[in-house]
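# Observations on the three-dimensional arrangement
Read off the chains here:
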Amino acid sequence: MKTYTEYLYFTTRDHREYIRITDKVEEIVKQSGVNEGMVLVSAMHITAGVYVNDAEEGLISDIDGWLDSLTPYGAYPKVKWPKEGASGPVEAQSIPYAHHRTGEDNGDSHLKSILVHHQVVLPITEGRLDLGPWQQVYYAEFDGKRRKRVVVKVMGE
Amino acid sequence: MKTYTEYLYFTTRDHREYIRITDKVEEIVKQSGVNEGMVLVSAMHITAGVYVNDAEEGLISDIDGWLDSLTPYGAYPKVKWPKEGASGPVEAQSIPYAHHRTGEDNGDSHLKSILVHHQVVLPITEGRLDLGPWQQVYYAEFDGKRRKRVVVKVMGE
Amino acid sequence: MKTYTEYLYFTTRDHREYIRITDKVEEIVKQSGVNEGMVLVSAMHITAGVYVNDAEEGLISDIDGWLDSLTPYGAYPKVKWPKEGASGPVEAQSIPYAHHRTGEDNGDSHLKSILVHHQVVLPITEGRLDLGPWQQVYYAEFDGKRRKRVVVKVMGE
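In this report, the structure presented in the accompanying data block is examined. Quick caveat: nothing in here was measured; it's all calculated off a predicted structure.

## Overview of the relation of the copies chain A and chain B
Laying chain A over chain B is done by rotating through 120 degrees and shifting 0.0 Å along the axis; what remains is an RMSD of 0.0 Å. The symmetry that links the two subunits is that of a three-fold axis. Among all residues of chain A, the minimum C-alpha distance to the rotation axis is found for A:V90, at 3.4 Å.

## A few points about the interface of chain A and chain B
Facing the 49 residues of chain A at the interface are 44 residues of chain B. Here chain A packs against chain B, burying approximately 3,800 Å² in sum over the two surfaces, 63% of which is carbon and sulfur. Interface area lost by chain A to chain B is led by A:M38, A:D62 and A:W66, which between them contribute 18%. Run the count over chain A and chain B and you get one salt bridge. For the salt bridge of B:K153 with A:E36, the shortest nitrogen-to-oxygen distance reads 2.8 Å. Here chain A and chain B share 20 residue pairs in polar contact (both at pLDDT 80 or more) between them. Counting residues per element, the ones that place at least two in the side of chain A that touches chain B are β3 (37-43), β4 (48-53), α2 (57-70), β5 (75-80), β7 (91-96), α3 (107-116), β8 (119-125) and β11 (148-156) of chain A.

## Some details on the sheet that holds strand β8 (residues 119-125) of chain B
Residues and elements named next belong to chain B. Strand order across the open sheet formed by five strands is β1-β11-β3-β8-β9, with antiparallel pairing between neighbours. Because the sheet does not close on itself, it has two edges, and the strands there are β1 (2-11) and β9 (128-129). Here β8 pairs with β9 via two bridges, running antiparallel. Looking at β9, one finds that I124 is bridged to L129.

## Observations regarding the interface of chain C and chain A
Counting residues at the interface gives 49 residues for chain C, matched by 44 residues for chain A. When chain C packs against chain A, the two sides together hide about 3,700 Å² of surface, and 63% of this comes from carbon and sulfur. When residues of chain C are sorted by the area they lose upon contact with chain A, C:M38, C:D62 and C:W66 head the list and together hold 18% of the total. Linking chain C with chain A are one salt bridge. For the interface between chain C and chain A, the tally reads 20 residue pairs in polar contact (both at pLDDT 80 or more). Counting residues per element, the ones that place at least two in the side of chain C that touches chain A are β3 (37-43), β4 (48-53), α2 (57-70), β5 (75-80), β7 (91-96), α3 (107-116), β8 (119-125) and β11 (148-156) of chain C. Residue composition of the side of chain C that touches chain A, by class: 26 nonpolar, 15 polar and eight charged.

Criteria and cut-off values
- Residues numbered from 1 in each chain as written.
- Chains lettered and ligands numbered in written order.
- Predicted model: local features only at pLDDT ≥ 70, side-chain atom pairs only at ≥ 80, totals over all residues.
- Heavy atoms only, no water.
- Least-squares fit on C-alpha atoms with pLDDT ≥ 70 in both.
- Contact = heavy atoms within 4.5 Å.
- Buried area = accessible area lost by both parts, 1.4 Å probe.
- Salt bridge = Lys/Arg side-chain N within 4 Å of Asp/Glu carboxyl O.
- Polar contact = N/O pair within 3.5 Å; in protein donor to acceptor, adjacent residues only side chain to side chain.
- Helix = DSSP H or I, 4+ residues; strand = E, 2+ residues; numbered from the N terminus.
- Pairing = 2+ DSSP bridges.
- Nonpolar A, V, L, I, M, F, W, Y, C, P; charged D, E, K, R; others polar.

Function-wise, these values are silent; they only describe arrangement.
What follows is the structure in structure tokens.
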């Protein structure tokens, strides 16, 4: 059995950013010498995500806009849905993140990390990432402009 | 150390469909000869998910309806929540998916894949999937009626 | 190659509860004797989650409040977003969970489990959990007051 570990570092220019890292992970797998196994790609921060999806700029802007509706900056929605079984207009109260009492302003970034998930496990078959034709690995930065880290751990033989 | 890899194929009749695959994964684990280890079950497409939950038809229709509210077809909601600290009615703008400029119409399927997550890792103990009594593995198709694939990779000893 | 398996048990006092389990997982890793590898931490129930995020009480209350807006108790929202491209008020219908026809009342707990995800895989490097400085492992109970279980499976060398 072999294991092999590397770390990727990111300091984004924007507060939120989506960075394709498939090639870097593939390179690490090659260096590991593992032919059959798995590689864990996992953000080491709690305001970032790692996901697998399409390398298409339009979709990335959709993901970003959609995420920001569900986990808005500054305050999260306490939604008053209609009564069980009923229809009607939706009301909400915007609750300032309790987390911000610590002096932080990134409550939304934590929720985005939980929603997207902070890690993926990729299969390695015949020495290569065993991905579908459209699958690309992304680092999703939700609170950027500072140095952050992703661990890439290969395991197999 | 042993590894063992198989692929499952699905061509659903419906656009969205939820297919229980626990028995197929269990069968692959048996064939692998692995007694202690893990099995990765991962969609190879970016408009599908794999999750663990209940084999109960009511719940499956709840999951489907709920997902479609959060990630609607055609356009995603840019929600205007009340101002921080305030209460009131919720307004939204429905933004046509930028992804659709490519000619696709499955922006919502990509978001559903991210929300549900596209993979699970299942423990193998004494040669069997080590699942709780109600845990069932599901393939969630979010853009079906065409041939799609799931990789099942067993690793252990 | 080594594997090592233990189970954690929880009977919460509250219906929903968030319990930090990092130290217990670290202890299991130590007992396993694995220096390089991975540990799977996975809920064995379909109304619970396992996630990695901040050990900060404010954030935990934010997570709980936010989750309950997106996956409300009793009924899930069928949202009528404005027509594609349009803006306006949001309406919704609250659909009683079909799952409740079975006699259960925990449809929302199942959705919370899917949203948060029920498992994480943690890297082990030099005999320790290889986590970032703020990363803590949490068991998220979404339907508590009864005995529930998490499997912790270590694999490596």
